[in-house]
Amino acid sequence: MPRFLYILALINKYFFIYFLLKFDLYKKPKQKIVKNFFEQAGGAFIKFGQLLALRVDVLPKEYSLEMINLFDNVKPFPYEDVEKIFLQELGTTPQKIFKDFQKVPFASASFGQVHGAKLENDHIVAVKVLRPGIEDKVSVDFFIIDIFAFIADLIFKIDALPWKEFAKEFKKWTLKELDYRIEAENIKRMYRNTSVNKNIVMPNVFLHLSTRKILV
């Protein structure tokens, strides 16, 4: 419920900004305002904004270029949450699994963040950890995105694809990003398929350390 109320408040805020724009009382490029909405909404909305940024057949060029900024780093979540996820998923803390584990992530995105680590055999790895509570946040976002898509199909029709289908496809592949076991299997398959080619370097995945919320 808090997430739903937050998004509703954000929508009201940007409807007011749109009203001010109509009367030339707000001086800011429309594409920046749209990007700011997705950025402040967070969760699945950032992913949806990233998808729109890549679809130049859906948005005007100036909007797509602005939305590219959504691929930049997102604020990381605290290391305490990382420890909690490790305890839930693997029953122990990162310090007891790795010889060295960097508490500060070197990359952070809308669904997870990545920490540098070293195994006991000194093998350097990247550890991807899912954001805490992201599943609940995304389920609320999906509901709101469906409403947006319904309204958009009535008012802002596009030639590329009905907004309803666009949202449906988006939800389908976004759900897969919430389960790192799917990503782990895909990496493992690509690793096997490219291992015979010396010109291609693929990272290996450590399945015994990877779970739904952790990918090593």
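The rules behind each value
- Residues numbered from 1 in each chain as written.
- Predicted model: local features only at pLDDT ≥ 70, side-chain atom pairs only at ≥ 80, totals over all residues.
- Heavy atoms only, no water.
- Patch = residues over 30% accessible without salt bridge, like charges linked within 9 Å, V, L, I, M, F, W, Y side chains within 5 Å.
- Areas by Shrake-Rupley, 256 points an atom, 1.4 Å probe, with all protein chains shown as cover.
- Salt bridge = Lys/Arg side-chain N within 4 Å of Asp/Glu carboxyl O.
- Helix = DSSP H or I, 4+ residues; strand = E, 2+ residues; numbered from the N terminus.
- Buried < 20%, exposed > 50% of the residue type's maximum accessible area, 1.4 Å probe, protein only.
- Pairing = 2+ DSSP bridges.
- Expected span 1.5 Å × (residues − 1).
- Contact = heavy atoms within 4.5 Å.

Notes on a nonpolar patch on the surface
A contiguous nonpolar surface patch, about 840 Å² in accessible area, is contributed by Phe143, Ile147, Phe148, Phe150, Ile151, Leu154, Ile155 and Phe156. Relative to the helices and strands, isoleucine 155 resides in helix 7 (residues 134-155). Given a relative accessible area of 56%, isoleucine 155 falls into the exposed group.

Brief notes about the pairing of strand 4 (residues 124-130)
Note: strand 3 (residues 112-118) against strand 4, 7 bridges, orientation antiparallel. Bridge assignment links lysine 118 to a residue of strand 4, and that residue is isoleucine 124. Connecting the antiparallel pair strand 3 and strand 4 is a turn made up of 5 residues, with aspartate 122 showing a positive phi of about 70°. As judged from the 2 bridges shared by strand 4 and strand 5 (residues 214-215), these two strands associate in the antiparallel manner. Across the sheet, residue valine 129 finds its bridge partner in strand 5, namely isoleucine 214.

Here's the deal with helix 1 (residues 2-22)
In this model, helix 1 (21 residues) spans 30 Å end to end at C-alpha, consistent with the 30 Å of a helix rising 1.5 Å per residue. Burial in helix 1 covers these residues: Arg3, Ile7, Leu10, Ile11, Tyr14, Ile17, Leu20 and Leu21. Among the structural elements, helix 2 (30-41), helix 3 (44-54) and helix 7 are those in contact with the buried residues of helix 1. In the segment just after helix 1, aspartate 24 is the residue with positive phi, at about 60°.

Points about the pairing of strand 3
Burial analysis of strand 3 places 6 of its 7 residues in the buried class, the great majority of the element. Where strand 1 (residues 100-101) lies against strand 3, 2 bridges are found, and the strand directions are antiparallel. Along strand 3, the bridge assignment pairs phenylalanine 101 with alanine 117. In the sheet, strand 2 (residues 107-108) pairs with strand 3 via 2 bridges, with the strands oriented antiparallel. Across the sheet, residue alanine 107 finds its bridge partner in strand 3, namely valine 114. Count of turn residues in the strand 2/strand 3 antiparallel hairpin: 3 residues.

A few points about the side chain of lysine 35
Among the structural elements, lysine 35 can be located in helix 2. Among the residues examined, lysine 35 registers a relative accessible area of 11% and is labelled buried. Those residues in contact with lysine 35, other than ones at most four positions away along the chain, are Glu66, Met67, Asn69 and Leu70.

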